[in-house]
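What follows is the residue order along each chain.
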Amino acid sequence: MDTTLKLKPRPTNVALIAWQFTGQPLHEWPSWVQSGCSLQRSEDGHLELRHERQSGTQIVYLGEWLVRDLDGGVCFYTDAELRKEFDIAPRA
């Protein structure tokens, strides 16, 4: 018997947590960032937050964002990409 499922895209109201890397010391990072990232200096002396993923290491530079979804997946965005992709409440 063949079964066809009609899948709906993920709802747009899924809760996400975003954290911007601004050079904070390790103890100020959220636990989910601490568990998957390390801070290093690049060959040219710039701070890099290295996010370890199954597909390899992502480098998050100052001012970029890490975004975690409810499933624990983490992606990174530049400030412009984050504002384009998500509906962000104004900062207080």
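Here the structure is a predicted model, which is why all the values come from computation and not from measurement.

A short note on the overall build of the chain
Okay, step 1: Within the chain, the regular secondary structure consists of two helices and six strands.
Okay, step 2: For the chain, buried positions account for 24% of its 92 residues.
Okay, step 3: In the chain, once contacts between residues fewer than 6 apart in sequence are set aside, the share between residues at least 24 apart is 36%.

Things to note about the sheet that holds strand 5 (residues 65-68)
Okay, step 1: With respect to topology, three strands assemble into an open sheet ordered 1-5-6, the strand pairing being antiparallel. Only two strands of the sheet have a single neighbouring strand rather than two, namely strand 1 (17-20) and strand 6 (74-77). Taken pair by pair, the neighbouring strands of this sheet meet at an average axis angle of 25 degrees, ignoring direction.
Okay, step 2: Bridge count between strand 1 and strand 5: four bridges; the pairing is antiparallel. Its bridge partner lying in strand 5, glutamine 20 is registered against tryptophan 65.

Here's the deal with the packing of aromatic side chains
Okay, step 1: Counted under the stated rule, the structure contains two aromatic pairs.
Okay, step 2: Here a set of aromatic residues connected by ring pairs shows up, and it is made of Trp19, Phe21 and Trp29.

A closer look at the sheet that holds strand 3 (residues 47-53)
Okay, step 1: If you walk across this open sheet you meet the three strands as 2-3-4, and the pairing is antiparallel. Two strands bound the open sheet, and with one partner strand each, they are strand 2 (37-41) and strand 4 (56-61). On average, each strand axis in the sheet is tilted by 35 degrees relative to the strand beside it, whichever way the strands run.
Okay, step 2: With five bridges joining them, strand 2 and strand 3 adopt antiparallel strand pairing. Across the sheet, the residue bridging to leucine 39 is leucine 49, located in strand 3.

Overview of the environment of glycine 72
Okay, step 1: By the element assignment, glycine 72 lies in the loop between strand 5 and strand 6.
Okay, step 2: Glycine 72 sits 55 residues away from isoleucine 17 along the chain, and the two C-alpha atoms are 10.0 Å apart.

Cut-offs used in this document
- Residues numbered from 1 in each chain as written.
- Predicted model: local features only at pLDDT ≥ 70, side-chain atom pairs only at ≥ 80, totals over all residues.
- Heavy atoms only, no water.
- Helix = DSSP H or I, 4+ residues; strand = E, 2+ residues; numbered from the N terminus.
- Buried < 20%, exposed > 50% of the residue type's maximum accessible area, 1.4 Å probe, protein only.
- Contact = heavy atoms within 4.5 Å.
- Pairing = 2+ DSSP bridges.
- Axes fitted to C-alpha atoms, helices over the stretch in contact; angles between N-to-C directions.
- Phe/Tyr/Trp six-rings, centres within 6.5 Å; stacked < 30°, edge-to-face > 60°.

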